[in-house]
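Fold and geometry: a report
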Amino acid sequence: MSDVYRSYTPAEKRQRAWLVLRGAKQAAADAVDPKIDRKIDRIDQAAAERGQREAAALVRQDEKAKATLAAAKAAERAARGKDRAAARDARKEAERQARATEKAIRRAGL
């Protein structure tokens, strides 16, 4: 498996699958058209570039969520009285957001 994270659009997935199938049929006949490989490479390159941008955005979002969680925990510790309940709610929301970003990173395979 490749170390590069690729993010394909639905159209790219369809086109790539069709090209791979066409290339497999041609390979069976020993008459592979090099255009097919070039088209697949272009699709893979575009998906790799998109994947790199998406992965960087996910990492930035995760770092921001973790920083927000740390600030919410500190605010909860420092809060007293009625402010403590609001700080606890803010911490719980920050924890939920941090879990969501971690889950998104895992789903992406990063």
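Here we summarise the structure given alongside this text.

Rules behind the numbers
- Residues numbered from 1 in each chain as written.
- Predicted model: local features only at pLDDT ≥ 70, side-chain atom pairs only at ≥ 80, totals over all residues.
- Heavy atoms only, no water.
- Helix = DSSP H or I, 4+ residues; strand = E, 2+ residues; numbered from the N terminus.
- Rg over C-alpha atoms; globule rule 2.2 N^0.38 Å.
- Contact = heavy atoms within 4.5 Å.
- Areas by Shrake-Rupley, 256 points an atom, 1.4 Å probe, with all protein chains shown as cover.
- Lys, Arg positive; Asp, Glu negative; His and termini not counted.
- Charge placed at Lys NZ, Arg CZ, Asp CG, Glu CD.
- Patch = residues over 30% accessible without salt bridge, like charges linked within 9 Å, V, L, I, M, F, W, Y side chains within 5 Å.
- Salt bridge = Lys/Arg side-chain N within 4 Å of Asp/Glu carboxyl O.
- Buried < 20%, exposed > 50% of the residue type's maximum accessible area, 1.4 Å probe, protein only.

**Digging into the overall build of the chain**
- Within the chain one finds three helices and zero strands.
- Counting from the amino terminus, the chain carries its helices and strands in the arrangement α-α-α.
- Taken over the C-alpha trace, the chain has a radius of gyration of 23 Å; the compact-globule value for 110 residues is 13 Å, which it surpasses by more than 25%.
- The C-alpha extent of the chain, read off along each of the three principal axes, is 80 × 20 × 15 Å.
- Put simply, 68% of the contacts in the chain that link residues at least 6 apart link residues at least 24 apart.
- Accessible surface, the chain as shown: approximately 8,000 Å² in total, 53% of it carbon and sulfur.
- Computed over 28 positive and 17 negative side-chain charges, the separation of the two mean positions in the chain equals 5 Å.

**Things to note about a positive patch on the surface**
- Taken together, the side chains of Arg 22, Lys 35, Arg 38, Lys 39 and Arg 42 present a region of like positive charge at the surface.
- Topologically, Arg 42 is positioned in helix H2 (residues 34-78).
- On the accessibility criterion, Arg 42 (53% relative accessible area) is exposed.

**A few points about the environment of Ala 74**
- When you line up the elements, Ala 74 lands in helix H2.
- The class of Ala 74 is partly exposed, set by a relative accessible area of 41%.
- With 13 residues separating them along the chain, Ala 74 and Ala 87 place their C-alpha atoms 9.2 Å apart.

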